[in-house]
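These are the residues of each chain, in order.
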Amino acid sequence: NNGKTEDNGEPVLARAECNFTVEETNALVLDAMRQAAGTDAALLMKRTPRHALDFQCLNGVFYEGDVTLTDLYCIHPYAFYIEQSPRLDRVTMTGGQLLELLSYRTTYYYAGLTVQYRWDREKNDYIPVGILDQEGTQLPLDGEYTVAVLGTSALRGVDDISRTETSTVLIDAMRGYVESLGTLTPSPVSPAVYEK
């Protein structure tokens, strides 16, 4: 830790520069998952009004100031069951399968790649047509990519994938990542490019 403690004696792990939104908190945790699992990308379910305590979704946000382990547990999907931190799973899927999964725009937050959308006159909407790496290079849809997900996460409509449990639990991934950063700054959420 950074050597400081809060008034209650709990070690300070990092400092948040500002209040984070739900989306920005998910982006930071996704980066933590990706780093811990050593994957190309990471996915987290978005919370819906119907599933207020869904164990596949984060429960809170980062607030400006000192960040402690208690703060991490308040963000954690199992906030009320601290001892049940889910393990990270490492999933291998094709670019086509990943694009299909990310085409459900209201279902997942993601990190490690950019989704490319193109306007479809017939559907009168943008449709996903490709994925790009972090440098903006087109990724082949028949290529294989690794994705970090929570062990509790179902992957909507995707079959024939390899799914392996890692030895890392989410709370450890989060703690290691925020400690390595020291200062928490919001980053882009679920990057996408839109073309006419």
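Residues numbered from 1 in each chain as written. Predicted model: local features only at pLDDT ≥ 70, side-chain atom pairs only at ≥ 80, totals over all residues. Heavy atoms only, no water.

**A few points about the packing of helix α1 (residues 22-37) against helix α4 (residues 170-181)**
So, point 1. The contact between α1 and α4 brings their axes to 9 Å, and the two run at 105°. One way to sum up the angle between α1 and α4 is to call them roughly perpendicular. For the pair α1 and α4, contact is made by L28, V29, D31, A32, M33, Q35 and A36 and by L170, A173, M174, Y177, V178 and L181, respectively. (Axes fitted to C-alpha atoms, helices over the stretch in contact; angles between N-to-C directions. Helix = DSSP H or I, 4+ residues; strand = E, 2+ residues; numbered from the N terminus. Parallel < 35°, antiparallel > 145°, perpendicular 65-115°, else oblique. Contact = heavy atoms within 4.5 Å.)

**Thoughts on the packing of aromatic side chains**
By convention here, two paired aromatic rings are described through the distance between centres and the angle between planes.
So, point 1. All chains considered together, the criterion is met by four aromatic pairs.
So, point 2. Measuring from ring centre to ring centre gives 4.9 Å for Y117 and Y194, while their planes differ by 10°; the resulting arrangement is stacked. With a gap of 77 residues between them, Y117 in strand β6 (residues 114-120) and Y194 in strand β12 (residues 192-195) connect regions that are remote in the sequence.
So, point 3. By relative accessible area, which is 2% here, Y117 ends up buried.
So, point 4. Judged by centre distance (5.0 Å) and plane angle (75°), the rings of W119 and Y126 are edge-to-face. (Phe/Tyr/Trp six-rings, centres within 6.5 Å; stacked < 30°, edge-to-face > 60°. Buried < 20%, exposed > 50% of the residue type's maximum accessible area, 1.4 Å probe, protein only.)

**As for the sheet that holds strand β11 (residues 183-184)**
So, point 1. The three strands lie next to each other as β3-β1-β11, forming an open sheet whose pairing is mixed. The sheet terminates laterally at β3 (65-67) and β11, the two strands that pair on one side only.
So, point 2. The sheet contact formed by strand β1 (residues 14-16) and β3 spans three bridges and is antiparallel. Its bridge partner being in β3, A16 is matched across the sheet by G65. (Pairing = 2+ DSSP bridges.)

**Topic: the sheet that holds strand β9 (residues 144-150)**
So, point 1. Strand order in the open sheet made by the five strands is β5-β2-β9-β4-β10, with mixed pairing throughout. In this open sheet, the two edge strands, each paired with only one partner strand, are β5 (108-111) and β10 (162-169). The average undirected angle you get between the axes of adjacent strands in this sheet is 30°.
So, point 2. The sheet contacts of helix α3 (residues 95-102) involve β2 (41-45), β4 (87-94), β5 and β9, and relative to β4 the element is tilted by about 115°.
So, point 3. Packing against the sheet, α4 makes contact with β4, β9 and β10, and its axis sits at approximately 60° to β10.

**Points about unusual backbone geometry**
So, point 1. We note that N124 has phi near 55°; this positive angle belongs to a residue other than glycine.
So, point 2. Topologically, N124 is positioned in the loop between β6 and β7 (125-132).
So, point 3. If you check the backbone angles, S190 has positive phi at about 40° while not being a glycine.
So, point 4. By the secondary structure assignment, S190 is in the loop between β11 and β12.
So, point 5. The exposure class assigned to S190 is buried, which follows from its relative accessible area of 19%.

**Topic: the side chain of T166**
So, point 1. Mapping T166 onto the fold places it in strand β10.
So, point 2. Of note is the side chain of T166, whose polar atom sits 2.8 Å from the backbone oxygen of L88.
So, point 3. A polar contact of 3.2 Å, which involves the side chain of T166, links it to the backbone nitrogen of T168.
So, point 4. If we ignore the near neighbours within four places in the chain, the residues touching T166 are R87, L88, D89 and R90. (Polar contact = N/O pair within 3.5 Å; in protein donor to acceptor, adjacent residues only side chain to side chain.)

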